[in-house]
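Listed below are the residues making up each chain.
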Amino acid sequence: MAYIEFKHIEKHFGNKHVLKDINLTIEQGQFVTLLGSSGCGKTTLLRCFAGLEIPDSGTIMLDGEDITNKSVRSRNLGMIFQQYSLFPTMTVYDNIAFGLKMRGVDRDKIDKSVKEVIKMVELTEHTGKYPSMLSGGEQQRVALARSLVVFPKVLLLDEPLSAIDAKLRTELQGRIKEIHKELNMTSIFVTHNQIEAMRMSDIIFLFSNDGYIEQSGTPSELYTNPKTIFAASFIGNYNMLSVDEFKLITKAEKLSKDGTTVAIRPEVIEIANAPFDVQEDLYYMTGKVVSNILQQSVIKYLINVEGVKIKVDVKFDTPEVYKDDEVVSLAVNKKNLLIL
Amino acid sequence: MHREKRRHILISVIQILLVGGLILLWEWGAKTERFDSFYTSYPSAIIKDIVEFYTSGDLWKHASITLQEALSALIVGCFLGIIVAALFGQFKILGSIFTPILTAINSVPQLTLAPLYILWFGLGLTSKVFLAGLMVFFVVFFATYGAINNIDRKLIEISTMLGAGTAQTWWHVILPACMPSILGGIRGGIGASIVGSIIGEYMGATAGFGWMVAYASSYFIVTRVMSCVFLLLFMGIILNYLLNFVESKILRWHSQHQKNNKLAGNTMQEY
């Protein structure tokens with residue numbers, strides 16, 4: 001039996017149908033991400049699990065127990081919000097100790113647990129400070145510590161890194177993932193950021209904009225094999241071409257499968273300044289470089305092929321960089337085409 | 001010296017010079033008969049009158065009555081204001097029903113109702129405490145209720161998720177977070193309690209500063225009126241000072257928060 005099960009969850013806010021027949025299962029110890037754009041229902045589902053919203057219908061199971069109508073405080077879940085939501089009147093120590101105090105744990109045990117978790121999130125120097133004296137990243141680590149110290153059955157993270165700058169966000173992603181591994185704590189992470197979801201998750205549930213789960217799977221499954229146009233456009237940086245556009249630029253007469261859209265990942269397109277040797281399993285294109293941008297270890301080209309813009313990513317391990325307006329040849333293997 | 005400290009000293013010096021200068025100007029104007037001191041009295045006469053007021057034993061008699069009325073009203077008004085705001089905050093339906101009614105009642109000037117209170121409760125302490133207490137109640141209630149309604153709901157949610165019950169959440173999370181506004185309300189309540197007591201005494205009493213002011217006015221003893229005004233001012237300053245002391249003890253987190261906001265503001269200005 002799965003550790004967490006959502007069965008036929010429906011939720012309306014007024015006339016808006018936010019969650020439509022949501023069914024999903026999560027195994028113990030997994031790091032699961034609910035991914036989708038703003039207003040797609042992912043946070044509502046998380047709040048239903050926490051007991052902060054009651055679903056209109058459906059059942060939520062946790063560790064074999066129906067918790068759909070169970071009170072919030074008896075669920076034993078930890079939650080971290082985007083805006084930290086630390087108690088402004090309490091010091092870092094008191095914020096972290098709060099959950100244990102409310103549970104009536106004796107003072108020595110509280111002190112021991114709080115010190116352990118403070119060490120884990122590397123906040124030892126800040127125990128006596130108030131939240132307003134800390135940076136955003138430090139505040140979010142306090143929020144993490146406050147949730148972890150009570151050993152919740154599930155850790156819920158509602159866009160916890162959205163308000164943090166890019167560099168610190170990457171660091172915190174790593175820290176959260178490390179702690180998850182260390183404690184093996186089942187975690188549900190909500191984000192609209194697909195890169196964050198890819199980096200952190202064991203399983204991703206991708207929400208459509210209409211309150212359905214569009215697709216689920218491991219990050220690599222979702223990235224390499226999106227099932228729908230929405231999934232391909234949300235998850236990867238795919239080149240999304242209509243079948244007619246694709247036939248126009250590759251001179252292909254027939255595709256292996258019926259569909260309306262051809263999706264090609266930028267990194268599977270080969271690029272050269274001379275024509276490729278003709279092979280049966282390749283499609284060919286010729287175009288002009290519109291732009292080249294070096295992003296960390298990748299050169300991102302934009303190529304104009306008969307009026308259609310094609311994105312091509314090349315690993316930056318060669319001194320050869322094609323200049324703007326240079327004529328280049330492109331090739332893509334047939335097996336790397338996704339026809340949707 | 002720290003820039004902020006220098007600024008504080010400068011402000012204090014300007015305040016002392018301004019108030020001191022005005023007092024000296026007042027004294028000088030009266031002594032040199034630049035204006036008729038019958039209508040305003042003058043500082044040295046007021047000080048002399050306060051000393052006489054004190055040595056005769058009347059000062060303490062009247063002050064103790066007004067203080068008793070004001071403090072009783074402050075305690076009752078604050079207590080009820082906070083409790084009712086908390087009840088309305090917890091049970092939203094009560095807030096929806098009663099807040100518009102309380103707002104309407106609050107818009108009626110208490111001065112117009114004071115004779116009724118005298119009629120209902122007599123010339124003694126009760127009518128003054130009722131009048132002043134009601135004034136304090138409204139100030140504290142609206143400050144507290146506003147703060148409760150504006151509290152970040154996520155703080156309550158996380159408190160509940162961490163295992164706190166309703167009472168624990170109120171005690172540990174909501175009330176402390178609302179404390180700056182509550183203390184702001186109490187600060188307003190201090191003024192309201194004194195004003196309420198004086199109005200009550202003015203309308204009908206046998207003692208107290210308000211009675212003394214009414215009595216002295218009717219005999220054109222302006223110096224005594226001014227003495228009472230300064231004594232009331234002094235009383236207000238002492239009560240506010242006490243509140244500042246309490247505030248500095250229980251709002252350490254808030255002063256830090258304000259300091260950080262100020263720093264952020266300064267940084268923004270530099271850009």
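Residue numbers here run from 1 along each chain, matching the order of that chain's written sequence. All chains are assigned letters beginning with A, and all ligands numbers beginning with 1, in the order in which they are written. The predicted nature of this model means local features are confined to residues of pLDDT at least 70 and side-chain atom pairs, given and counted, to a pLDDT of 80 or more, with totals for whole chains, interfaces and linings taken over all residues. Here the side-chain values reflect all heavy atoms present in the structure, with hydrogen atoms and water set aside.

### Observations concerning the sheet that holds strand β12 (residues 261-264) of chain A
All names here are of chain A.
Working step 1: Overall, antiparallel pairing links the three strands, which are arranged β11-β12-β18 in an open sheet. Two strands bound the open sheet, and with one partner strand each, they are β11 (239-242) and β18 (338-339).
Working step 2: Strand pairing is assigned whenever DSSP identifies at least 2 bridges connecting the two strands. Counting from the N terminus, the helices are the DSSP runs of H or I reaching at least four residues and the strands are the DSSP runs of E reaching at least two. Bridge analysis of β12 against β18 gives two bridges, and the strand direction is antiparallel. Among the inter-strand pairings, V262 is bridged to a residue of β18, identified as I339.
Working step 3: Should any heavy atoms of two residues lie within 4.5 Å, those residues are considered in contact. Only the stretch in contact is used when fitting a helix axis, every axis being a line fitted to C-alpha atoms; angles between N-to-C directions are given from 0 to 180 degrees. Contacting β11 and β12, helix α9 (residues 243-250) crosses the sheet at an angle of about 95° to β11.

### With respect to the pairing of strand β3 (residues 31-35) of chain A
Residues and elements named next belong to chain A.
Working step 1: Here's how the labels work: a residue is buried when its accessible area is under 20% of the maximum for its type, exposed when over 50%, partly exposed in between, all with a 1.4 Å probe on protein chains only. For β3, a buried count of five out of five residues is recorded, marking the element as mostly surrounded by other parts of the structure.
Working step 2: Along β3, one buried face is formed by F31, T33 and L35 and the opposite face, lined by V32 and L34, is buried too.
Working step 3: Here five bridges tie β3 to strand β8 (residues 187-191), and the two strands are oriented parallel to one another. Counted as the bridge partner of F31 is S187 from β8.
Working step 4: Across four bridges, β3 lies against strand β9 (residues 203-207) in parallel orientation. Bridging across to β9, T33 finds its partner in I204.

### Description of the packing of aromatic side chains
Here the distance between the centres and the angle between the planes together describe a pair of aromatic rings.
Residues and elements named next belong to chain B.
Working step 1: Within 6.5 Å between ring centres, the rings of Phe, Tyr and Trp (the latter by its six-membered ring) count as paired, and their orientation is classed by plane angle as stacked under 30 degrees, edge-to-face over 60, tilted in between. Overall, the coordinates contain 25 aromatic pairs over all chains when judged by the stated rule.
Working step 2: Ring geometry for F88 versus F98: centroids 5.9 Å apart, planes at 15°, classification stacked. Placement of the pair is F88 in helix α3 (residues 58-90) and F98 in helix α4 (residues 92-106), with a sequence separation of ten residues.
Working step 3: With centroids separated by 6.2 Å and ring planes inclined at 85°, the aromatic side chains of W120 and F121 adopt a geometry described as edge-to-face.
Working step 4: For W120, a relative accessible area of 53% gives the class exposed.

### Focus on the domain arrangement of chain A
Residue and element names in this part refer to chain A.
Working step 1: Just so you know, the domain bounds were taken from an automatic or database domain assignment. Domain boundaries assigned for chain A yield domain 1 (4-234) and domain 2 (239-339).
Working step 2: Each partner contributes to the interface: domain 1 provides seven residues, whereas domain 2 provides seven residues.
Working step 3: Both sides of the domain 1 and domain 2 interface together cover about 520 Å² of buried area, and 69% of this is carbon and sulfur.
Working step 4: Here, a salt bridge means any Lys or Arg side-chain nitrogen found within 4 Å of an Asp or Glu carboxyl oxygen. Summed over the shared surface of domain 1 and domain 2, the result is zero salt bridges.
Working step 5: For this analysis, a polar contact is any N or O atom pair within 3.5 Å, provided that within protein one partner can donate a hydrogen and the other can accept it, and provided that sequence-adjacent residues contribute only side-chain to side-chain pairs. Along the contact surface separating domain 1 from domain 2 lie one residue pair in polar contact (both at pLDDT 80 or more).
Working step 6: Take the side of domain 1 that touches domain 2: its biggest share by element is three residues, from helix α8 (residues 229-235).
Working step 7: Taken together, the residues of the side of domain 1 that touches domain 2 break down into four nonpolar, three polar and no charged. Here the quantity called buried area is the accessible surface, traced with a 1.4 Å probe, that two parts lose on coming together, added over both. Put simply, Ala, Val, Leu, Ile, Met, Phe, Trp, Tyr, Cys and Pro go in the nonpolar bin, Asp, Glu, Lys and Arg in the charged bin, and everything else, Gly too, in the polar bin.

### Here we look at the interface of chain A and chain B
Working step 1: Contacts between chain A and chain B engage 25 residues on the former and 22 residues on the latter.
Working step 2: Taken over both partners, the interface formed by chain A and chain B buries close to 2,200 Å², and the fraction arising from carbon and sulfur atoms is 68%.
Working step 3: Per-residue buried area on chain A facing chain B is highest for R73, T89 and M102 of chain A; these three make up 26% of the total on that side.
Working step 4: Run the count over chain A and chain B and you get one salt bridge.
Working step 5: For the pair chain A and chain B, the number of links is three residue pairs in polar contact (both at pLDDT 80 or more).
Working step 6: Elements supplying a minimum of two residues to the side of chain A that touches chain B: α1 (42-50), β6 (77-80) and α2 (92-102) of chain A.
Working step 7: Looking at side-chain class alone, the side of chain A that touches chain B contains 16 nonpolar, five polar and four charged residues.

### Quick word on the side chain of S41 of chain B
Residue and element names in this part refer to chain B.
Working step 1: Tracing the sequence through the fold places S41 in the loop between α1 (3-31) and α2 (43-55).
Working step 2: A relative accessible area of 2% places S41 in the buried class.
Working step 3: At 2.9 Å, the side chain of S41 forms a polar contact with the side chain of T223.
Working step 4: Excluding residues within four positions of it along the chain, S41 makes contact with W26, I46, V222, T223 and M226.

### Examining unusual backbone geometry
Working note: non-glycine residues mostly have negative phi, and peptide bonds are mostly trans.
All names here are of chain A.
Working step 1: Unusually for a residue other than glycine, E122 sits at a positive phi of about 55°.
Working step 2: The topology assignment puts E122 in the loop between α3 (107-120) and α4 (136-148).
Working step 3: Look at E122 and you get exposed, because its relative accessible area is 52%.
Working step 4: Despite not being glycine, E306 has its phi angle at roughly 50°, a positive value.
Working step 5: One can find E306 in the loop between β15 (298-305) and β16 (308-315).

### Re the nonpolar core
Working step 1: For this analysis, a nonpolar core means a set of buried residues of the types Ala, Val, Leu, Ile, Met, Phe, Trp, Tyr and Cys, connected via side-chain atoms within 4.5 Å. Of all hydrophobic cores here, the largest spans 122 residues; its most connected members are F49 and L156 of chain A together with F209 of chain B.
Working step 2: Of all the elements, helix α8 (residues 166-203) of chain B adds the most residues to this core, at twelve residues.
Working step 3: Once residues within four sequence positions are removed from consideration, F49 of chain A is found in contact with I4, F6, I60, L62, I67, R75, L77, V154, L156 and I188 of chain A.
Working step 4: By size, the runner-up hydrophobic cluster in this structure holds 27 residues, among which are I249, L255, V305 and I339 of chain A.

### Digging into a nonpolar patch on the surface
Residue and element names in this part refer to chain B.
Working step 1: Judged by side-chain polarity, V76, F79, L80, I83, L87, F91, I93, I97, F98, I101 and I105 come together as a nonpolar surface patch covering roughly 980 Å² of accessible area.
Working step 2: Looking at the nonpolar patch, the elements with two or more residues in it are α3 and α4.
Working step 3: Within the secondary structure layout, I93 lies in helix α4.
Working step 4: I93 sits in the exposed class, given a relative accessible area of 58%. Here a patch means residues that are over 30% exposed by relative accessible area and free of salt bridges, tied together within 9 Å if like-charged and within 5 Å if nonpolar (Val, Leu, Ile, Met, Phe, Trp, Tyr). The protein chains shown are the only cover counted for residues, whose accessible areas, like all others here, come from Shrake-Rupley with a 1.4 Å probe.

### What about the side chain of T144 of chain B?
Working step 1: Of note, T144 of chain B is situated in helix α6 (residues 125-150).
Working step 2: Leave out the neighbours within four places in its chain, and T144 of chain B touches I82, A85 and I182 of chain B.

### Things to note about α4 of chain B
Residue and element names in this part refer to chain B.
Working step 1: To estimate the expected span of a helix, count its residues, drop one, and scale the result by 1.5 Å. For α4, with 15 residues, the first-to-last C-alpha span of 20 Å sits near the 21 Å given by 1.5 Å per residue.
Working step 2: Fitting one axis to the seven residues ending at a residue and another to the seven starting there, the bend at that residue is the angle between the two axes. Bending of α4 peaks at approximately 35° at the position of F98, with proline P100 no more than four residues after it.
Working step 3: All of the buried residues in α4 are G95, T99 and L102.
Working step 4: The inward-facing, buried residues of α4 contact α3 and α6.

### Regarding the environment of Q173 of chain A
Residue and element names in this part refer to chain A.
Working step 1: You can see Q173 is positioned in helix α5 (residues 166-183).
Working step 2: Of the residues examined, Q173 reaches a relative accessible area of 5% and is grouped as buried.
Working step 3: Not counting the four nearest positions on each side in its chain, Q173 is found in contact with L161, E196, R199 and M200.

### With respect to the confidence of the model for chain B
Working step 1: Per-residue confidence for chain B averages 88 on the pLDDT scale, and 93% of its residues sit at or above 70.
Working step 2: In predicted models, pLDDT denotes the confidence assigned by the predictor to each residue on a 0 to 100 scale. Counting interchain partners and residues more than four positions distant, the pLDDT-below-50 stretch residues 266-271 of chain B has zero contacts.

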